[in-house]
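Geometric and topological summary
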Amino acid sequence: MIGQHNTDEKTLAYINLFAVLGTLENLCKIDDEAKAIIARKQVSIGFAVEDGPAAALFFDHGTCRLKNGAAQCQIRLPFSSIQKFNGMIDGTVTPIPSKGFLKLPFLLKGFTGLTDILTRYLKASPEELQDPAFFEKSTTLMFYTIASAVSQIGNHDKVSQASASYMKDGIIKLSIKNGPTASICVKDHHLTTVKKVPKAPDASMEFGSISIARDLFDGKVNSLACIGTGDIRMSGMISMLDNMNRILDRVGLYLA
């Protein structure tokens, strides 16, 4: 996938850190097994990528937060290249910490356990998706990953930067009816995803149900057709939504 379809490794690194690993925040809220792994833990892991992103995950007695920057962390994982960081995400590279050796058991067992659970949800088998509770959690986590990826792609992907350059300042509410909601905040053509309901969005895009959202995420249905049938509802500043949709079209190329 990488290098094809006009995608690039640097954008993928930002997606992997802020969208994929960032979804651990949500996993630890909705999955009991994940909650149990960090229930009695207070530890932070920083990821510092040469010529790329830097952020740290803070685990604190059952909660998880991703914060910008990797300076303040107990375990620090430096990556000498973007390719090596992406390799850690796809399982082909084993990172070596530059600090936090006494916390290695958590890195090898706890953190790996969390990423294994997340992978199970994000790459679910058709059989697993037969379970309605699993289906809902899987689609919810996929929603947050995609919502976060929109901002990273809009900021770093050359093709999508053009779409972001046309977006006026404001907030887009992205949601699944009776389900998760995120805000895509635009300021000076820079996009930030906030996993909260916006107070006064300038535009709104809502998937009519969790099953419609899933079919869209899996590429089984066409978004334009869903707008025609009312399964996707859009309101507010349409130009913002048009440009966000162009960026959304690129998400699948990176997260395939």
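Reference entry: report on the structure contained in this document.

**Here we look at the overall build of the protein chain**
- Within the protein chain, the secondary structure is distributed over ten helices and nine strands.
- Its C-alpha atoms give the protein chain a radius of gyration of 18 Å, near enough to 18 Å, the size a compact globule of 256 residues would have.
- Overall, the C-alpha framework of the protein chain stretches about 55 × 40 × 35 Å when taken along its three principal axes.
- Within the span of the protein chain, comprising 256 residues, buried residues form 48% of the whole.

**Observations regarding unusual backbone geometry**
- Its identity as a non-glycine residue notwithstanding, Asp-51 has a phi of 55°, on the positive side.
- Looking at Asp-51, the relative accessible area reads 57%, which means it is exposed.
- Backbone geometry at His-61 places phi at a positive 45°, although glycine is not the residue there.
- Positionally, His-61 belongs in the loop between strand S2 (54-60) and strand S3 (63-68).
- According to the relative accessible area criterion, His-61 is partly exposed, its value standing at 48%.

**With respect to the pattern of salt bridges**
- Scanning the model with the defined rule gives seven salt bridges in all.
- Notably, a salt bridge pairs Asp-51 with Lys-10, separated by 3.4 Å at the nearest N-O pair. With Asp-51 in the loop between strand S1 (42-49) and S2 and Lys-10 in helix H1 (residues 9-20), this residue pair connects regions lying 41 residues apart in the sequence.
- With its nearest N and O atoms 3.7 Å apart, the salt bridge here joins Arg-120 to Glu-33.

**Some thoughts on the sheet that holds S3**
- Overall, mixed pairing links the four strands, which are arranged S3-S2-S1-S4 in an open sheet. Across the chains shown, the open sheet's two edge strands, defined by having one partner strand only, are S3 and strand S4 (75-79). Adjacent strand axes in the sheet meet at a mean angle of 15°, parallel and antiparallel pairs treated alike.
- Bridging between S1 and S2 involves seven bridges; their strand directions are antiparallel. Residue pairing across strands places Val-43 opposite Phe-59, the latter belonging to S2.
- Seen against the sheet, helix H5 (residues 104-122) touches S1, S2 and S4 and runs at an angle of roughly 85° to S1.

Parameters and conventions
- Residues numbered from 1 in each chain as written.
- Predicted model: local features only at pLDDT ≥ 70, side-chain atom pairs only at ≥ 80, totals over all residues.
- Heavy atoms only, no water.
- Helix = DSSP H or I, 4+ residues; strand = E, 2+ residues; numbered from the N terminus.
- Rg over C-alpha atoms; globule rule 2.2 N^0.38 Å.
- Buried < 20%, exposed > 50% of the residue type's maximum accessible area, 1.4 Å probe, protein only.
- Salt bridge = Lys/Arg side-chain N within 4 Å of Asp/Glu carboxyl O.
- Pairing = 2+ DSSP bridges.
- Axes fitted to C-alpha atoms, helices over the stretch in contact; angles between N-to-C directions.
- Contact = heavy atoms within 4.5 Å.

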